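Examining the three-dimensional arrangement
Take a look at the letters that make up each chain.
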Amino acid sequence: MTPVQLNAAIVLSSFHPGGTEYQTIELLRRLDPTRWRVHVACFHDEGAWRERVSRAAASVLEFPITSFKHPGTLRQMRRFAEWCRETRIAVVHAADLYANIFALPAAAWAKVPVRIGSRRELNPDKSAAQIALQRLAYACAHCILANSQAAAARLQQERVPAHQIAVIPNGLDLSRFDGLTPARDGRTVIVVANLRPEKGHRTLLRAAARVLARHPGARFRLVGDGPERASLEALARDLGISQAVEFLGYRGDVAGLLAQADVSVVPSTSEAFPNAAVEAMAAGIPVVASAVGGLLELIRHESNGLLVPAADEALLAQSIVTLLDDQRLRHRLGAAARADVVSRYSFARMVSSVDSLYLTELHRRRAAPPAAPVAAS
């Protein structure tokens, strides 16, 4: 039977590079166009990935918001609700905290048949007020999509009913990592993460000083940008390791950079589902990661990577040294990691699961034909 084309609206804050934006944009690019006419709503119609969105979306609409405390926010929510009614939106999918708070209540006001929220982080940097607002917004959703069991557990701690939660892990374009031959000189360590406090760069730099005492030729490459950059550069100088640490900023060639590395480190204190870890695994790079959140779902200690307690610079340094010293161990862990990612984390799997979730929720409300159910937490 020929699918009926339905209008879906995906809502996110902006199109600046980031994990949530990447996953959301790849989703809208890959949803079946014979079934879905995907519209995009945003707060700031700007960012490096704007062109990708415009090529894939049926339309892009900006609902400018600078603060949820501003009275103009209610006008924008009313405008969004009116647009949902006029466009006959069947599914609203909010992609991040701010999109949840904005779009879910407005979509409920518009009586959109299916309203889906998201949880892609554990909110280590969010205030109690932000978390409370998001919890109120979740009450307007039919389903909350979590990208890991860790995120689902946090939702349940916030009293979101288990039956309202679906777990669909992030996806990855595996073709970007096909044919890569990781470095084998035992000296290059890479960290791919925005420079924010919860990403653990301070622990990493202190561990790097310890590693350099054993391996003076080691090099640490930090890919990503953010508010912590100046203070991290200052810490590297204070530790006397600036000559061995590169701050590369945002890069669009992460796969190539991973191929030049021997070890990837994810030193975060909080992670729901770290794209950086999955990308390193896809590239066949052994990962040393903090034993927190969704990293516990990805990494099996000494099987496809190494786990260390969060914020433990001594054990982090010891694990990095272990891998730099042992080429066979690096190869074994990297190969196992690559095999795991190929079997579990393709974009095809993610998009198929989200498509099924949309249709299942529509069918429950008698708004679309049935689809195979998506497993909930």
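Look up: the structure comes first, before these words.
Described in the following lines is the structure provided in the data block. (Residues numbered from 1 in each chain as written. Predicted model: local features only at pLDDT ≥ 70, side-chain atom pairs only at ≥ 80, totals over all residues. Heavy atoms only, no water.)

**Details of the layout of surface pockets**
Heads up, the rule is: Of the two site types, the cavity is a set of points on a 1 Å grid over the protein atoms alone where a 1.4 Å probe fits but cannot get out, and the pocket is an open set with protein on both sides within 12 Å along at least five of seven lines, each lined by residues with an atom within 4 Å of a point. Grid points are joined across faces, edges and corners, and a volume is the space filled by probe spheres set on the points. Going along the chain from the N terminus, every DSSP run of H or I of four or more residues is numbered as a helix, and every run of E of two or more is numbered as a strand.
As a volume, the second largest pocket reaches approximately 160 Å³. Looking at the second largest pocket, the residues that line it are S67, F68, K69, Y98, I101, S127, A129, Q130 and L133. Taken together, the elements giving at least two residues each to the lining of the second largest pocket come down to α4 (97-109) and α5 (128-138). Sorting elements by how many residues they give to the lining of the second largest pocket places α5 first, with three residues.

**Quick look at the pairing of strand β8 (residues 188-192)**
Formally: Burial classes follow relative accessibility: with a 1.4 Å probe on protein chains only, a residue under 20% of its type's maximum area counts as buried, one over 50% as exposed, and anything between as partly exposed. Pairing between two strands is assigned when DSSP locates at least 2 bridges connecting them.
By the criterion of burial, β8 is predominantly enclosed, with five of the five residues buried. Summarising the sheet, β8 and strand β9 (residues 219-223) pair through five bridges and their orientation is parallel. Residue pairing across strands places I190 opposite R221, the latter belonging to β9. Where β8 meets strand β11 (residues 263-266), two bridges bridge the pair, whose relative direction is parallel. Residue pairing in the sheet places I190 in a bridge with S264 of β11.

**A look at the sheet that holds strand β6 (residues 143-146)**
Using the following cut-off: Note on geometry: axes are C-alpha line fits, over the in-contact stretch for helices, and angles between N-to-C directions span 0 to 180 degrees.
Across the sheet, which stays open at both edges, the seven strands sit in the order β3-β2-β1-β4-β5-β6-β7 with parallel pairing between neighbours. For this open sheet the edge positions go to β3 (59-62) and β7 (165-167), each flanked by a neighbour on one side alone. The average angle at which neighbouring strand axes cross in this sheet is 25 degrees, direction not considered. In this structure, strand β5 (residues 114-119) lies alongside β6, joined through four bridges in parallel fashion.

**Looking at the nonpolar core**
To keep it simple, the criterion reads: Nine residue types can take part in a nonpolar core, namely buried Ala, Val, Leu, Ile, Met, Phe, Trp, Tyr and Cys, and a core is a set of them joined through side-chain atoms within 4.5 Å. We call two residues in contact whenever any of their non-hydrogen atoms come within 4.5 Å of each other.
In this structure, V11, F80, W83, C84, V92 and F102 are the most contacted members of the largest nonpolar core, which totals 37 residues. Listed by contribution, the elements that provide at least two residues to this core are β1 (6-12), α3 (72-87), β4 (89-94), α4, α5, β6, α6 (149-157) and β7. Ranked by the residues each element gives to this core, the list is headed by α4, at six residues. In this structure V11 touches A41, F80, V92, H93, A94, A95, A99, F102 and A103, once residues within four positions along its chain are discounted. Listed in part, the 34 residues of the second largest apolar core include L28, W36, C42 and W49.

**Points about the sheet that holds β9**
With parallel pairing, the six strands of this open sheet are ordered in space as β10-β9-β8-β11-β12-β13. What marks the edges here is a single partner per strand, and that holds for β10 (245-249) and β13 (306-308). Strand-to-strand twist in this sheet, taken as the mean axis angle between neighbours without regard to direction, amounts to 20 degrees. In this structure, β11 lies alongside strand β12 (residues 287-290), joined through three bridges in parallel fashion. Along β12, the bridge assignment pairs V266 with A289. Helix α12 (residues 313-325) rests against β8, β9, β11, β12 and β13 of the sheet, and its axis sits at about 160 degrees to β13.

Everything listed here is a matter of coordinates, which is why it stays silent on function.
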